[in-house]
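Spelled out from the first residue to the last, the chains are:
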Amino acid sequence: MIKKFALGLVAIVLLSFTITNNFRDLVQEKLADYIDNYPEKIYVQTDKPYYTLGEDIWYNTYLVNAINHRKTNKSKVVYVELINEADSIVSKKQLFVFNVNAPGDFKIKKSWKPGNYVLRAYTNYMRNQGADYFFQKQIPIWDLTEPDSINNMASNTEVTSQTASQKEIELKEKPDIQFYPEGGYLIDGLASKVGIKVRDKLNRDIVVNGDIKDSDNKTVSSFKTFQFGLGIVTLIPQPEKTYHASVMINDVEYTYPLPKALPNGYNLNIVNNGSHLIVNVATDNTLGLKNSYLLAHLRGSLVYEKLETENTNSYTIKLNTATITDGVTHFTLFNNEGKPVCERLVYVDNPEDNVSVNLVSDNPTPNRRDKVTLNIDLKDKDGTPITGSLSMSVTDIDAVGHSSKSENIKTYLLLNSDIRGHIDNPGYFFEKENDAKRRYLLDLVMLTHGWRRFTWNELLYENIKDKNTFDPEIGIYVSGRTISKRKKEQISAATRITFMGKFPYQEKKQSDADGSFKYGPFVFMDTMPTILEARVKEFQKDETNNNRMVDIRLDRSYGPSPKITRKSVLMPHIEDQTKITNFINQSQSISKINEAFLEEAQLLDEVVVTATIKSEKEKRTEELNEKAFYGHATNRIDMKEYENMEQLTILELLNMLPGVNVVNDSISIRGGGTPGIYLNNIPVELNDIIYMTGFEVDFIDVLKGADASFFPNSGNGVIVIHQKDGSDFFAKNVKRKPGIIDFTSTGFYTAREFYAPDHMFGFEEASRQDIRTTLHWEPKIILMDDNSAKVSFFTSDARSNYAIKIEGITDSGIPVYHLSTFEVE
């Protein structure tokens, strides 16, 4: 009997060991899957926090691997949207990310309504986690012509410096107090830390004093909250007791119940002293901690693990933070059944990850309209140059303000993007290196927030690949279906796409049995004239109409935007209402200056300046060459020079071109064969344009020999007819044969260039007053090897203090933030 019992006990032990090790393998396997199928993060830097109607929003988008913050190998396409208060998308840009960042801009139309807009950025792949994981930032936009809207918005715009300066707010009513036991639960008989967070009805962080009392109304501890409304209290719950917090406000006692303690369970206590993490694990369960599993990961990357094999009720470990990268480390204790029973976040600030932005100005104290050149480089803690990508804004402090406490790329990637809830003034925690007070307060933040990237149940028991229904995008696709014109059903057909860009490109493929086809990925900017053809069988030189009896149905270039949600929206940091007033006043001054300049320019319209201004004819030639992607033509007719001949037919106009012969309905160039005929860079048949007149034509080009070489089948030369802008002749009168459609493919957006006045050689700037809230915007600063970068700009006419804000990321994935100031005398 004893022998059987002993064998049974051994069997149970072995089974428990097997189950525990299987669970350990499962956790590590799923974390490895998470890393392989890593999510993505986006951060967007804007030139300033708020704007007025008619201004431009300049921004730079950073796209990274969410685990190591390096260049992602998944997505290359980013969508950036500007959303108004009615949750309507008023502008949307599609950007291509060549490395880790892509610049862009929004023109704020004067017809828009003022309000708190949201700038949202995401990739198609990020839609797998939902819109709450997109980058979202509130952008206040004011209307200078509506004083009431300015006052209303200014009063409703959150001023966030209250918390950081720790101004105590006089309480007149009961505040909201939340309690967060360390590890998740209070356990009878086990010492536990309890995080405290206090806010009033206006969502302001509050400093209060209070007591913790038991069910006998006996005070067992006291607490006080500090900056950010955060505090902490230590408590050892006793069996059969409940606990509450007591706070006196205006001689009135308000009570708040603490979470009820469990009779038994687990406790996870962590002390962060900067250089080390002291981790204590304890339980009062009869089985102890045997076969429990402690795991720590940083954004999904395993940092530490311990499978407890001894029958003990507690243990302590000491972790060196020098082995952990900067960011939020997530500790979880699993019991012997594989259930998560305790969780704790810890922020690790590793000095090894420190990167400094070195900024040297050739003109430290510039005067008005002076040129300033900045020399910029990155160095690690040992002074070794580091490569990376940066962007920089220079703004007027009196109008825009500046604060090292505001959200930036470092606080977003390392803090706010990985935790539930939002941290106000997150830059406060990074203002001073190795500061004990800030580390203590940040640890209280960790106590009162949870990990947001995944839950253990989702990670361990759901297949990430099955959940990911949105694929990463690396370019633009052209897709659709081929449909029989006779049978009205989808059929497999031969298809061919032609891009009529500067370097024409053509590709063929067979559509699937269900008629679907997909071309791409393509990478091109702005727009591209495109032809798509389909045939029942193969493309043939001499075709019958039967072979063309195919309809082509295009899919949308990209699907509808994701659902709009205003959760996890980053709020602008506004130090006080004075900054808003100064910004409005300065914006009104700029508006008056622009209006006065335009009026003066109209009065000077008749003055001919011959020094450096190009002639009208040269301008016109450049304009037409830009419209004609192939550049110069062999011969050209510009209808602006023949306005009295607009009534002529297209054949009569073609006959005017040197070397072009028109006989009846046939055309040739110097006696050769029939040339290729194009309308707006798209090939057409002569019958398609036969009824055009000079009223629809902007200009006509003839290209011969080498000039026509990049057009397909151009041996007999090419004639290109360009319509006037806004002409709808093509849509109404060009009748296509079956099996062919033409359209304009929309490429990736190319950011406009920030207007930077040249006060040294600029002609227009010399006669125009210069006041700018954004002095300069430089979205692409690339640091390679040991080279530094140089950025130059001119100061304006305003004597003021200016802030230089630089954000970016190193090639090794370390986010970088720099803030400095200078004064213009």
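Described below are features of the structure shown in this document. (Residues numbered from 1 in each chain as written. Predicted model: local features only at pLDDT ≥ 70, side-chain atom pairs only at ≥ 80, totals over all residues. Heavy atoms only, no water.)

**Describing the sheet that holds strand β5 (residues 89-96)**
- Taken together, 5 strands build an open sheet; the order of strands is β2-β8-β7-β4-β5 and the sheet is mixed. Each having just a single partner strand, β2 (51-52) and β5 make up the two edges of the open sheet.
- When strand β4 (residues 77-83) meets β5, the two strands line up antiparallel, connected through 7 bridges. Paired with Val-80 across the two strands is Lys-93, which belongs to β5. (Pairing = 2+ DSSP bridges. Helix = DSSP H or I, 4+ residues; strand = E, 2+ residues; numbered from the N terminus.)

**Description of the packing of aromatic side chains**
- All chains considered together, the criterion is met by 28 aromatic pairs.
- Relative to Tyr-412, the ring of Phe-135 lies with its centre 5.2 Å away and its plane at 80 degrees, an arrangement referred to as edge-to-face. Here the residue Phe-135 occupies a position in strand β8 (residues 135-142), and Tyr-412 occupies one in helix α5 (residues 409-416), the gap between them amounting to 277 residues.
- Judged by relative accessible area, which is 1%, Phe-135 ranks as buried.
- With relative accessibility at 6%, the residue Tyr-412 sits in the buried group.
- An angle of 20 degrees between the planes, with centres 5.6 Å apart, marks the rings of Tyr-802 and Phe-822 as stacked. Of the two residues, Tyr-802 is situated in strand β42 (residues 801-810) and Phe-822 in strand β43 (residues 815-823); the sequence distance between them amounts to 20 residues.
- Clustering of aromatic rings is evident, with ring pairs tying together Phe-23, Tyr-293, Phe-334 and Trp-456. (Phe/Tyr/Trp six-rings, centres within 6.5 Å; stacked < 30°, edge-to-face > 60°. Buried < 20%, exposed > 50% of the residue type's maximum accessible area, 1.4 Å probe, protein only.)

**Section: the sheet that holds strand β39 (residues 740-746)**
- The 4 strands lie next to each other as β28-β27-β30-β39, forming an open sheet whose pairing is antiparallel. In this open sheet, the two strands that pair with only one neighbour each are β28 (505-510) and β39. Taking each pair of neighbouring strands and ignoring which way they run, the sheet shows an average axis angle of 20 degrees.
- Summarising the sheet, strand β30 (residues 527-535) and β39 pair through 7 bridges and their orientation is antiparallel. Bridged to Pro-529 within β39 is Thr-744. (Axes fitted to C-alpha atoms, helices over the stretch in contact; angles between N-to-C directions.)

**A word on unusual backbone geometry**
- Put simply, Gly-520 and Pro-521 share a cis peptide bond, and its omega is 5 degrees.
- As for its placement among the helices and strands, Pro-521 is situated in strand β29 (residues 516-522).
- Of note in this structure, His-69 is not a glycine but carries a positive phi near 60 degrees.
- Its place among the elements puts His-69 in the loop between β3 (56-65) and β4.
- The class of His-69 is buried, set by a relative accessible area of 1%.
- Although it is not a glycine, Asp-526 adopts a positive phi angle of roughly 60 degrees.
- Position of Asp-526 relative to the elements: it lies in the loop between β29 and β30.

**Details of helix α6 (residues 436-447)**
- Its 12 residues give α6 an end-to-end C-alpha distance of 17 Å, which sits within 8% of 16 Å, the value for a rise of 1.5 Å per residue.
- Here α6 has its buried residues at Arg-438, Leu-441, Leu-442, Asp-443, Leu-444, Val-445, Met-446 and Leu-447. (Expected span 1.5 Å × (residues − 1).)

**Re the nonpolar core**
- Counting 54 residues, the largest nonpolar core has Ile-42, Ile-57, Val-80, Leu-119 and Phe-135 as its most contacted members.
- Beyond its immediate sequence surroundings of up to four residues, Ile-57 is in contact with Thr-46, Asp-47, Tyr-51, Leu-82, Gly-104, Asp-105, Phe-106, Ile-108, Leu-119 and Ile-139.
- Judged by nonpolar contacts, the second largest core, of 33 residues, contains Ile-419, Leu-447, Trp-456 and Ile-464. (Core = buried A, V, L, I, M, F, W, Y, C linked by side-chain atoms within 4.5 Å. Contact = heavy atoms within 4.5 Å.)

**Focus on the pairing of strand β19 (residues 301-307)**
- Examined bridge by bridge, strand β18 (residues 293-298) and β19 share 6 bridges and lie antiparallel to one another. Looking across to β19, one finds that His-297 is bridged to Leu-302.
- With antiparallel pairing between neighbouring strands as the criterion, β18 and β19 make up a hairpin whose turn holds 2 residues, including Arg-299 at a positive phi of roughly 55 degrees.

**So, the pattern of salt bridges**
- Under the counting rule described, the total for this entry stands at 34 salt bridges.
- Where Arg-752 meets Asp-105, a salt bridge forms, and the shortest distance between an N and an O atom there is 2.8 Å. Placement of Arg-752 in the loop between β39 and α14 (763-766) and of Asp-105 in strand β6 (residues 101-107) is noted, with a sequence separation of 647 residues between them.
- A residue is classified by how much of its surface remains accessible, and Asp-105, at 1% relative accessible area, is buried.
- Residues Glu-533 and Arg-535 are paired through a salt bridge, measuring 3.5 Å at the closest nitrogen-oxygen approach. Like Arg-535, Glu-533 is buried.
- Shared partners join several salt bridges into a network, and the residues in it are Arg-620, Glu-623, Lys-627, Asp-638 and Asp-698. (Salt bridge = Lys/Arg side-chain N within 4 Å of Asp/Glu carboxyl O.)

It is worth stressing that arrangement in space is one thing and function is another; only the former is reported here.
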